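Coordinate inspection notes
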Amino acid sequence: MSYAKRKNCTIIRRCGGCGKKKSFVCSGKFRVNANGRRLDVWLIYRCEKCGRTLNVPIYERVPPERIPPELYDRFLENDRKLAVEYAGDRGFLKGLGYELGK
Ligand SMILES: [Zn+2]
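This brings us to the overall build of the chain. Of regular secondary structure, the chain possesses three helices and five strands. Ordered by position from the N terminus, the helices and strands of the chain form the series β-β-β-β-α-α-α-β. Sequence separation of at least 24 residues holds for 53% of the intrachain contacts in the chain that already meet a minimum separation of 6.

Right, let's get into unusual backbone geometry. Of note in the backbone geometry, arginine 61 takes a positive phi value of approximately 50° without being a glycine. Looking at the secondary structure, you find arginine 61 in strand 4 (residues 53-62). Residue arginine 61 is classed as partly exposed on the basis of its C-beta count, with 13 C-beta atoms lying within 10 Å.

Let us now look at the pairing of strand 1 (residues 11-15). One ladder, built from five bridges, connects strand 1 with strand 2 (residues 20-35); its direction is antiparallel. When the sheet's bridge partners are listed, cysteine 15 is paired in strand 2 with lysine 20. In this antiparallel pair of consecutive strands, strand 1 and strand 2, the connection spans four residues, and glycine 19 shows a positive phi of 80°. Direction of pairing for strand 1 relative to strand 5 (residues 99-100): antiparallel, over a ladder of two bridges. The residue bridging isoleucine 12 from the neighbouring strand is glutamate 99, located in strand 5.

The rules behind the values
- Residues numbered from 1 in each chain as written.
- Predicted model: local features only at pLDDT ≥ 70, side-chain atom pairs only at ≥ 80, totals over all residues.
- Helix = DSSP H or I, 4+ residues; strand = E, 2+ residues; numbered from the N terminus.
- Contact = placed C-beta atoms within 7 Å.
- Buried ≥ 20, exposed ≤ 12 C-beta atoms within 10 Å, placed from the backbone.
- Pairing = 2+ DSSP bridges.

Here's what the structure looks like:
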């Protein structure tokens, strides 16, 4: 699917802040965490009601060489197109077990 046709998916999930099921929307931001020789990369979603964050894992505990440097830079820069590539990819999100909104 072309970039222009992609739309961010919402994730339906119980929110610990609201105490009930809410829609989480993509914040467009990534979070990168380095822990020794392991890297985590998440795409950050937020509850549309209270703003509580949900970290959607893209990479978890991978050695740094697993992530192409060019891609890694885009995570650090919060590249918006890249965020939409993940947030618009229903297969990616479903594969992680999330329930998706429309
Ligand atoms: Zn909430």
